[in-house]
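Here is how the chains run, residue by residue.
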Amino acid sequence: MKKLIITTLILLTALVAITVVYFKNLSTPAAHTAQIMQTIPNNAAMVFEFSNDNGFYDIFSGNTLLKDVTGQEKMDELSALRNKILQQPLLKNFFDQQHIYISLHGQQRDSIDFLITIAGSETFSMGHWQQLAKQTNTGMFIKSINLGGKDAYEIYFNDLKKRFYLVNRGNHIFSGSFSRELALQSALYQPSKNSNDFLQIPDQQNSSSLANLYINYTQLTPLFDQLFISKNTGLFKELRKLPALAGLTLNYKTDALMFNGFTSIRENKLSSYLSVFRNQQPVTRHLKDIFPSTTAYSTCFALSDARQFMDDLGRYDANAGLNNEETELFARVKSETGVQINTSFNNLLTGEFAIVTTRFDEELAIVALKNGMQMRPLMVDISKMENDDVGQFKYDKLPFYLLGDAFGVFTHPYFMIIDNYLVLANSTRELDSYKDSYQNHKFLSSMPAYTDFDNSLAERSNVAFFLHFRNIFPILRREMKPAFSAIFDPGDKGPNKFYALSYQFSAADRNFYTNFYMRLNKADTTGIDN
């Protein structure tokens, strides 16, 4: 009996030891993803992750969705990499079912290039590349080079007539690009200790995801600078200022790209205007129903607690050093008109307001009111009236201090009140144009294509960005570099087949639940309805 007890204790001890060692060395999918993504330069605006397995490719087989997003040239490049390298019999087993990371970085050039990162299995070595280089009739010419002090290969694809630069990042991780500049940037990149430049997706969610999208919002501006002629484009400006990271998973649809997940605000970074909405609760939005049919892009804000928003906006302005100017402005308005504008204005808000830009470059602010008749005398008191319905603010930057950064484009605006809506613009012509749309019900929401699109969106949110591809093209043609604007030409039914996109934030635990939706045109939406 004594021997049996001793034997049992020995076996139990061995089992505990094995278990401890096992779990100590167990690498979770999230840990493996984090290890690979740490090698990606932290100036990446977006990273698209998917598994290199037949299941993923089969789902998109015969579907032009990814080609419509990336363009034919980029799809040809990605196809060559898959067919010539990842499916190469010598290498296939080492990269099968490994995750691929395609990152997008703002660069100083008039072309978009991807950085592609992948890890081989632990049995893979540089010797396998050398064996591949010695093979003939592969459609490639491979030579060993040094890039940024790292072992690398230059791979020339005969069919593409292009060179691909592949860098060994260590730990069986490889990064490559058809851009030598981007490959060199990867070779030289050294992540800082405990860097956290991408939001990791929880294991359970990641394991069931078909693909993931990671976003670093502050890196979107360098990407926009690459695409646009001017570095001051107002397109989704507030989104690009948000100091936050997003981790989104793909929900497969045959005619749309749909991602959802979380956006996490980085507490150690400077705050931004969108952070002011983090303490709200998602609400149903209605202003979108009265956007003009010519809407090119818009940003809609919705509040569950207007008082909380005003308090948070006040703290945000104080941190930005704007308190004195704001206090002086409101005091001046009070002294000259007798109106305590901030209090009176806030009391009449329903909690929804929007900025709209039309295809004709008209900029409008629309603010929903509890009672338009009560707001009218307040606006008249602070304005120089052009006629009975339209006046111009006598005070600069009032919209900015009343509602925040998004209204900074209206420094000395004209106003009108239609029913229970306050409408602001920088010219009377723009107000007249919207008045015509409103009175004649020429709304985007009246179009079946938009209704179909809107039905796929989250009903409740706090911040919603919208872009209509056909309507925005005149603006892109003027403001975007020609090499890129041609991609969005609605007259070209090849690379441009998208109807619209939406990006929504819904406040949750002081961060944002996030929905991204971009849908293809449907057969009945390619005419005037589009």
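Residues numbered from 1 in each chain as written. Predicted model: local features only at pLDDT ≥ 70, side-chain atom pairs only at ≥ 80, totals over all residues. Heavy atoms only, no water.

**A few points about the pattern of salt bridges**
Just so we agree on the cut-off: Definition used for salt bridges: Asp or Glu carboxyl oxygen within 4 Å of a side-chain nitrogen of Lys or Arg. Helix and strand definitions follow DSSP, with helices as H or I runs of at least four residues and strands as E runs of at least two, each counted in order from the N terminus. Classification of residues uses two cut-offs on accessible area relative to the type maximum, computed with a 1.4 Å probe and protein chains only: under 20% is buried, over 50% is exposed, and between them is partly exposed.
In the structure shown here, the tally under the stated rule is 19 salt bridges. A salt bridge links Lys162 to Glu77; the shortest N-O distance between them is 2.6 Å. One end of the pair, Lys162, is in strand 6 (residues 162-170); the other, Glu77, is in helix 5 (residues 72-86), with 85 residues separating them in the sequence. Exposure remark for Lys162: the relative accessible area of 23% places this residue in the partly exposed category. Judged by relative accessible area, Glu77 falls into the buried class, the value being 5%. The closest approach of N and O atoms between Glu154 and Lys143, which form a salt bridge, is 3.9 Å. Linking Glu154 in strand 5 (residues 150-157) with Lys143 in strand 4 (residues 140-147), this pair joins segments that are 11 residues apart in sequence.

**Looking at unusual backbone geometry**
Of all residues except glycine, most have a negative phi; of all peptide bonds, most are trans. Even without being glycine, Lys397 reaches a positive phi, approximately 65°. If you trace the backbone, Lys397 turns up in the loop between strand 16 (391-393) and helix 16 (398-403).

**As for the pairing of strand 10 (residues 256-265)**
The side chains of a regular strand alternate between the sheet's two faces. We count it as follows: A strand pair is defined by DSSP finding two or more bridges across the two strands.
Counting buried positions along strand 10 gives 8 out of 10 residues, so the element sits mostly inside the fold. Taken together, the 10 bridges between strand 9 (residues 244-253) and strand 10 define a ladder with antiparallel strand orientation. In the strand pairing of strand 10, Thr249 is matched with Asn260. What sits between the antiparallel neighbours strand 9 and strand 10 is a turn of 2 residues.

**Some remarks on the confidence of the model for the chain**
Formally: Here pLDDT means the predictor's own confidence in every residue, given as a number from 0 to 100. We call two residues in contact when some of their heavy atoms are within 4.5 Å.
In the predicted model, the chain carries a mean pLDDT of 88, and the fraction of residues at 70 or more is 92%. Segment residues 7-27: pLDDT under 50, and 1 contact once partners within four positions in sequence are set aside and those in other chains are kept.

**Quick word on helix 12 (residues 306-319)**
The condition is simple: A helix is expected to span 1.5 Å for every residue after the first. N or O atoms closer than or at 3.5 Å make up a polar contact, with two conditions inside protein: a donor-capable atom paired with an acceptor-capable one, and, for residues adjacent in sequence, both atoms drawn from side chains.
Helix length check: helix 12, at 14 residues, gives a terminal C-alpha distance of 20 Å against a target of 20 Å (1.5 Å per residue), a fit within 8%. If you follow the buried residues of helix 12, they end up packed against helix 13 (323-337), helix 14 (341-347), strand 13 (349-358) and helix 16. N-capping of helix 12 is provided by Asp305, with a side-chain oxygen placed 3.2 Å from the backbone N of Arg307. Of the residues one or two after helix 12, Gly321 is the one with positive phi, at around 75°.

**Focus on the side chain of Thr117**
Within the secondary structure, Thr117 sits in strand 3 (residues 114-119). The class of Thr117 is buried, set by a relative accessible area of 0%. Sequence-distant contacts of Thr117, that is, excluding residues within four places in its chain, are made with Ile36, Thr39, Ile40, His99, Ile100, Tyr101, Ile173, Phe174 and Ser175.

**Considering the packing of aromatic side chains**
This is how it is decided: Geometry of aromatic contacts follows a simple scheme: Phe, Tyr and Trp rings, the Trp one being its six-membered ring, pair when their centres are within 6.5 Å, and the pair is stacked under 30 degrees between planes, edge-to-face over 60, tilted otherwise. Whether a charge lies above a ring is judged from NZ of Lys or CZ of Arg, which has to be within 6 Å of the ring centre and within 35 degrees of the ring normal.
Enumeration according to the criterion identifies 44 aromatic pairs in this entry. Residues Tyr450 and Phe466 carry aromatic rings whose centres are separated by 5.7 Å and whose planes lie at 85° to one another, so their mutual orientation is edge-to-face. A residue pair is termed long-range when its members are at least 10 positions apart, and Tyr450 in helix 18 (residues 448-454) and Phe466 in strand 20 (residues 463-468) qualify at 16 residues. We note that Tyr450, like Phe466, is buried. Seen from their ring centres, Phe453 and Phe466 are 5.9 Å apart, and the 70° between their planes marks the pair as edge-to-face. Residue Phe453 is found in helix 18, and its partner Phe466 is found in strand 20; the two are separated by 13 residues along the sequence. Classification of Phe466 as buried rests on a relative accessible area of 7%. Sitting above the plane of the Tyr57 ring, Arg82 keeps its charged end 3.6 Å from the centroid. Arg359 extends its terminal NZ or CZ atom over the ring of Phe360, reaching a point 6.0 Å from the ring centre.

**Overview of the environment of Glu325**
Positionally, Glu325 belongs in helix 13. For Glu325, a relative accessible area of 38% puts it in the partly exposed group. Between the alpha carbons of Glu325 and Tyr401 there is a distance of 9.3 Å; along the sequence they are 76 residues apart. In this view, Glu325 contacts Lys397 and Tyr401; residues no more than four positions away in its chain are not counted. In this structure the side chain of Glu325 is engaged in a polar contact, spanning 3.1 Å, whose partner is the side chain of Tyr401.

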